Every structure is written in structure tokens, then in C-alpha cells.
Amino acid sequence: MRIVLVGPPGAGKGTQAAFLAKNLSIPHISTGDLFRANISQGTELGKQAKSFMDAGQLVPDEVTIGMAKDRMEQPDAVNGFLLDGFPRNVSQAEALDVALKADDVKLDAVLDLEVPEDEVVKRIAGRRICRNDSSHVFHVEYSQPSTEGVCDACGGELYQRDDDKEETVRKRLEVYHTQTEPIIDYYREQGLVVTISALGKVEDVTKRAMEALGR
Ligand code: AMP
């Protein structure tokens, strides 16, 4: 299956993507994770991305599209993938369509995670992520680790992403509304969008998502 996951920051895309990718046996491709890995490895691409990310803005398409395409061309993604955080504007969606068409394949679904805006801000401000694996996500209030600052899954250090600070979150939400939301209409015209509520327990949202994907 080839799936695109969309939703505002804080909708739980990363968490759901990890579970869904496992259930569907396809790789989870997150452009945000790819950028963060490049930043921690000190690559040129990481340097180009960092200032945009810290400001809550989109990294320019010239950098992002090439990186996403390279990842999709890896052998593990030949039979499908779950895209998390890409595409994030209409020109990226168009570039993805061109790349898929060149391989004579199509998207199966665009899963739209819906969550009210006040909930988004609460979720992100308290979010703490494991340095070893960004799918290990905790929350200072809703999902506390047994030891403060330590990941229950692997013992890694928990930290707050620089772009999860409140001011940046507001900027990211604005960017989501103006640049990313239009891709939902773009894909709706292709009959691909399934919308589910991202509220409630993680496992309930995963179940809802699997049902919406017909699994
Ligand atoms: P995420 O982990 O998906 O929330 O992404 C974190 C940040 O990485 C975003 O706020 C952007 O600055 C950047 N980013 C991730 N994916 C993209 C993309 N498809 N296009 C542009 N910037 C992106």
C-alpha cells in the first residue's frame, strides 16, 4: 500500500505512522525524521534545513522533494510506504504524483487525522520525544514515562523538540492551514481522502485508521 498521512502538528502522525507501518508491513517515511537525522549528523542538507525548522517554516521544496524521492527509491519502499509529513504543500503533492506516475504506481489512500486546535497546542507543548527513536513519544501530562526524562521503551533521553516550543507551534499551525491543508482538497479531487478523528487512546485511533484503510 502507498499511503499519505496528513494532519496538523500534534495530531499524532508520528505515533500512528509507526503503528500503521508495522501493521501494514511498509516503511514509515517521515521527512521531519530525515531532516532531524541530517541535523544530528551535521550534513549539508541538515544545515540547510535547520533554520527553517527552528522558525516553524517549511524547508524549501528544492531540498525536500529530492530527499523524499531518494528515500522512496530505497529497496524497502518498492512495494509501498507510509509517508508522514510529505507532501506538505501542493507543489510537493504534484511532484509526488509525477514520481509515482514515472514508476506506474498510485497512492491507495490519504489518511487525514483530525484534531481540534486547542488540543493540538496542549499536546505539542507537553510532548517529549526519545533521542534514540522519535516514535517513542511521551507527554508530561497524558503519557508520563515511569522515570522523568527517560524513555520507557529503550532508556533513551527524552527531550522537547526545539520546534515544539509554543511560539513555533503557532507558526507551524499557520503554515499547516495555509500551505498543507490545500493538499487535502487536491487529493479529495482524486477520491483518495479518508478522514478520521485523532482523539482518544492511541490504540483506538490506530484501529479507526486500519478500518478506514479497509484493513
Ligand atoms: P515534522 O516532524 O513532520 O513535524 O516536521 C518538522 C519540521 O520539518 C517541519 O516543521 C518543517 O520545518 C520540516 N519539514 C518536514 N517535512 C517537510 C516537508 N515535506 N516540506 C517542508 N518542510 C518539512
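Everything here concerns the structure above.
What counts, and where the lines are drawn
- Counting restarts for each chain, with residues numbered from 1 along the sequence as it is written.
- Reporting in this predicted model follows two pLDDT cut-offs: at least 70 for local features of residues, and 80 or more for side-chain atom pairs to be given and counted; totals over whole chains, interfaces and linings ignore these cut-offs and use all residues.
- Processing note: side-chain calculations cover all non-hydrogen atoms of the structure and skip hydrogens and water entirely.
- Accessible area is worked out with a 1.4 Å probe on protein chains only. A residue is then buried under 20% of its type maximum, exposed over 50%, and partly exposed in between.
- Numbering of helices and strands runs from the N terminus, with a helix taken as a DSSP run of H or I at least four residues long and a strand as a DSSP run of E at least two residues long.
- When checking whether two residues touch, look at their non-hydrogen atoms; a contact exists if any pair is within 4.5 Å.
- Put simply, a patch holds well-exposed residues, over 30% relative accessible area, that have no salt bridge, with like charges counted together within 9 Å and Val, Leu, Ile, Met, Phe, Trp or Tyr side chains within 5 Å.
- To be clear on the numbers: accessible area is Shrake-Rupley with a 1.4 Å probe, and residue cover counts the displayed protein chains and nothing else.
- Just to be clear on terms, a salt bridge is a Lys or Arg side-chain nitrogen sitting within 4 Å of an Asp or Glu carboxyl oxygen.
- The charged-residue count follows a simple rule in which Lys and Arg add positive charge and Asp and Glu add negative charge, with His and chain termini not counted at all.
- By convention, the charge on Lys lies at NZ, on Arg at CZ, on Asp at CG and on Glu at CD.
- The nearness test applies per residue and asks whether one of its heavy atoms lies within 4 Å of the molecule or strand.
- Pairs of N or O atoms are called polar contacts if they sit within 3.5 Å, as long as, within protein, a hydrogen donor faces a hydrogen acceptor (for residues adjacent in sequence, only side-chain-to-side-chain pairs).
- Any residue outside Ala, Val, Leu, Ile, Met, Phe, Trp, Tyr, Cys, Pro, Asp, Glu, Lys and Arg is labelled polar, Gly included; the first ten of those are nonpolar and the last four are charged.
- Between any two strands, at least two bridges found by DSSP are needed for them to pair.
- Under this scheme, a helix contributes an axis fitted over its contacting stretch, all axes are lines through C-alpha atoms, and angles between N-to-C directions fall in the 0 to 180 degree range.

Details of helix α6 (residues 117–125)
Phase 1: For α6, the full list of buried residues reads E119, V120, V121, R123 and I124.
Phase 2: For α6, the elements touching its buried residues are β5 (127–130), β6 (137–139) and α7 (166–180).

Quick word on a negative patch on the surface
Phase 1: Judged by side-chain charge, D70, E73, D103 and D104 come together as a negatively charged surface patch.
Phase 2: Summarising the element assignment, E73 is placed in the loop between α4 (61–72) and β3 (81–84).

Structural notes on the site of the ligand
Phase 1: Surveying the vicinity of the ligand reveals 16 residues, the closest of which are T31, R36, Q57, G85 and Q92.
Phase 2: Between a nitrogen atom of the ligand and a main-chain N or O atom of V59, the distance comes to 3.0 Å.
Phase 3: Residue Q92 places a side-chain N or O atom 2.9 Å away from a nitrogen atom belonging to the ligand.
Phase 4: If one sorts the elements of the shell around the ligand by residue count, helix α2 (residues 31–40) sits on top with 4 residues.
Phase 5: Among the residues making up the shell around the ligand, the classes are represented as 5 nonpolar, 6 polar and 5 charged.

Description of the sheet that holds strand β2 (residues 28–30)
Two pairing modes exist for strands in a sheet, parallel and antiparallel, and in both the strands are linked by backbone hydrogen bonds.
Phase 1: Spatially, the 5 strands line up as an open sheet ordered β2-β3-β1-β4-β8, and their pairing is parallel. Edge positions in the sheet fall to β2 and β8 (193–197), since each has one partner strand and no second. Pairwise comparison of adjacent strand axes, ignoring direction, gives a mean angle of 25° for this sheet.
Phase 2: Of the pairings in the sheet, the one linking strand β4 (residues 109–114) to β8 comprises 5 bridges and is parallel in character. Looking across to β8, one finds that D112 is bridged to T195.

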